[in-house]
Amino acid sequence: MNTMESTAFNQPKVELHVHLDGSIKPETILHFAKKKQIKLPADTVEGLLEHVSYNTPLSLTECLRRFEIYMPAIAGDREAIKRIAYEFVAMKAKEGVIYVEVRYSPHYLANSGVDPIPWGLEQGDITPDEVVDLVNQGLRKGEKEFNIKARSILCCMRHMPSWSPEVVELCKKYHNDTVVAIDLAGDESMTCESYPGHRKAYEEAVRCGIHRTVHAGEVGPPSVVKEAVDVLKAERIGHGYHTIEDPKLYKELLGRNMHFEACPWSSYLTGACEEDFSKHPIVQFRKDKANYSLNTDDPLVFGSTLDVDYSIAAKHMGFREEDFTQVNINAAKSSFLPEKEKRELLCKLYDAYGMILSTGL
Ligand SMILES: [Zn+2]
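Residues numbered from 1 in each chain as written. Predicted model: local features only at pLDDT ≥ 70, side-chain atom pairs only at ≥ 80, totals over all residues. Heavy atoms only, no water.

A. Here's a closer look at the overall build of the protein chain. Counting its secondary structure elements, the protein chain contains 14 helices and eight strands. What you see for the protein chain is a C-alpha radius of gyration of 19 Å, in line with the 21 Å of a compact globule of 361 residues. With respect to the three principal axes, the spread of C-alpha positions in the protein chain is 55 × 50 × 40 Å. Put simply, of all contacts in the protein chain between residues at least 6 apart along the chain, 73% involve residues at least 24 apart. The centroid of the 43 positive side-chain charges in the protein chain is displaced by 4 Å from the centroid of its 54 negative side-chain charges. (Helix = DSSP H or I, 4+ residues; strand = E, 2+ residues; numbered from the N terminus. Rg over C-alpha atoms; globule rule 2.2 N^0.38 Å. Contact = heavy atoms within 4.5 Å. Lys, Arg positive; Asp, Glu negative; His and termini not counted. Charge placed at Lys NZ, Arg CZ, Asp CG, Glu CD.)

Dropping the structure here:
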């Protein structure tokens, strides 16, 4: 680790909540835009970042606009899809991450067998199924080269319930062939009651032993978290900050050791939480010894690295070395790896942190 710059936590890390399409290198976007003759608002890295990254809170619509700028350069291109997965692993290795679960919607990278075809792309021949295969190739190449472990999570989109049956089928087809879980992302005001496609996909996931996480309680109310846990049988909650507004639910989830995938810098920029980090739900999670982790979410759009999130926790939330070791052990324990691999990961962390291996893994 001596080659790394000074960071808030200069030790091996585990990251569970990060979007592949929110973690693309600007150089790669420029390269493929040129190849595909797609017009971007700028043709330099700095210029492009001015349009796709931001550092003061914006609305969700404004945030999603960022993706519309650069996704046409990447989606529907075999070489681009493989390359962003490979470069993602390189990026995480550089940040000191030894195990990462990266998530994406296969449909948002496809240009065939998807309705509607996303990003205004023309019809092509890359299906969501091939997208998963391409991402897998990129991740595996990166794993070999950078000696870290990368697994993936396939996302359903709240506004596209018609995609969800295929998402769960892809989770089954590629189970443990990098894919370890299903996720539900997007506008939380669209509940599953009104969109049963997601509920059915999650029921199938339960039936087939596919792990489950759900974006809930990020900007939405505690009721979305309750639905994620009770109806979708989520084993982890993406963000989950607003859970604490329902003390009964929060207490129940603490009792069940539910894992919250917290993303501090993201929560500031999306306006999910109050701007004062000292009043952030993560401070409550820490006080209550909740099961949670620290994650980047969309480092390209938020102009960040994992160290930004760790530094916020160190500077504004009172995190010390032992808090960081604890969140990483939490993350490893709540990872979606098979048990044997989970134990190996935990051993690596205990060893790196100089901790005695407890028998109660
Ligand atoms: Zn997310």
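B. Summary view of the pairing of strand 3 (residues 149–157). Burial of strand 3 is extensive: eight of the nine residues sit out of reach of the surface. With six bridges connecting them, strand 2 (residues 97–104) and strand 3 associate as parallel partners. Across the sheet, Tyr104 pairs through a bridge with Leu154, a residue of strand 3. Tracing the backbone out of strand 2, into helix 5 (residues 128–146) and back to the parallel element strand 3 gives a crossover that is right-handed. Running through helix 6 (residues 164–173), the crossover from strand 3 to the neighbouring parallel element strand 4 (residues 179–185) is right-handed. (Buried < 20%, exposed > 50% of the residue type's maximum accessible area, 1.4 Å probe, protein only. Pairing = 2+ DSSP bridges. Right-handed = clockwise from strand over helix to strand, strands pointing away.)

C. Main features of the nonpolar core. Membership of the largest hydrophobic core comes to 114 residues, with the highest contact counts inside it found for Ile29, Tyr70, Leu109, Ile182, Ile237 and Phe319. Per-element accounting of this core gives the leading share, seven residues, to helix 3 (residues 60–74). Those residues in contact with Ile29, other than ones at most four positions away along the chain, are Ile24, Leu40, Leu48, Tyr70, Ala73, Ile74 and Leu300. (Core = buried A, V, L, I, M, F, W, Y, C linked by side-chain atoms within 4.5 Å.)

D. Local environment of the coordination of the zinc ion. Around the zinc ion, the protein contributes the donor atoms His17 (NE2), His19 (NE2), His215 (NE2) and Asp297 (OD), which lie 2.1 to 2.4 Å from the metal centre. Each of the four donor atoms around the zinc ion contributes to a set of angles spanning 83 to 172 degrees, which defines the coordination as irregular. Along the chain, the residues that donate to the zinc ion are spaced as H-x1-H-x195-H-x81-D. With His19 in strand 1 (residues 13–19) and His215 in strand 5 (residues 211–216), this pair connects stretches of sequence that are 196 residues apart. Pair check on accessibility: His19 and His215 agree, each one buried. (Donors = N, O, S within 2.8 Å, 3.2 Å for Na, K, Ca; no water. Tetrahedral: all angles 85-135°; square planar, octahedral: opposite > 155°, others 65-115°.)

E. How the structure looks around the sheet that holds strand 8 (residues 291–294). Taken together, eight strands build an open sheet; the order of strands is 1-2-3-4-5-6-7-8 and the sheet is parallel. Where the open sheet ends on each side, the last strands, each with one partner, are strand 1 and strand 8. Mean inter-strand twist for the sheet, computed between neighbouring axes without regard to direction, equals 25 degrees. Packed onto the sheet, helix 5 meets strand 2, strand 3 and strand 4 and runs at close to 155 degrees relative to strand 3. Sheet strands touched by helix 7 (residues 196–207): strand 3, strand 4 and strand 5. Its angle to strand 4, the strand with the most contacts, is close to 160 degrees. (Axes fitted to C-alpha atoms, helices over the stretch in contact; angles between N-to-C directions.)

F. Quick peek at the pattern of salt bridges. This structure, assessed with the given rule, holds 30 salt bridges. A salt bridge links Arg78 to Asp125, with the shortest nitrogen-to-oxygen separation between them at 3.2 Å. With Arg78 in helix 4 (residues 78–94) and Asp125 in the loop between strand 2 and helix 5, this pair connects stretches of sequence that are 47 residues apart. Given the relative accessible area of 34%, Arg78 is considered partly exposed. A salt bridge links Arg236 to Glu101, with the nearest nitrogen and oxygen atoms 2.9 Å apart. Taken together, the residues Arg236 in strand 6 (residues 236–239) and Glu101 in strand 2 connect sequence positions 135 residues apart. (Salt bridge = Lys/Arg side-chain N within 4 Å of Asp/Glu carboxyl O.)

G. Summary view of the pairing of strand 7 (residues 259–262). Residues His259 and Glu261 line one face of strand 7 and the alternating positions Phe260 and Ala262 line the opposite face, and both faces are buried. Pairing of strand 6 with strand 7, which is carried by three bridges, proceeds in the parallel orientation. By the bridge assignment for strand 7, Arg236 is matched with His259. The parallel pair strand 6 and strand 7, bridged by helix 9 (residues 247–255), forms a crossover whose chirality is right-handed.

H. Just the packing of aromatic side chains, in detail. Enumeration over the complete set of coordinates arrives at 16 aromatic pairs. Here the aromatic rings of Tyr54 and Phe302 are separated by 5.9 Å at their centres, their planes lie at 80 degrees, and the arrangement is edge-to-face. With Tyr54 in the loop between helix 2 (45–52) and helix 3 and Phe302 in the loop between strand 8 and helix 12 (306–316), this pair connects stretches of sequence that are 248 residues apart. Both rings, one in Trp265 and one in Tyr268, keep their centres 5.2 Å apart while their planes meet at 15 degrees; by these two values the pair is stacked. (Phe/Tyr/Trp six-rings, centres within 6.5 Å; stacked < 30°, edge-to-face > 60°.)

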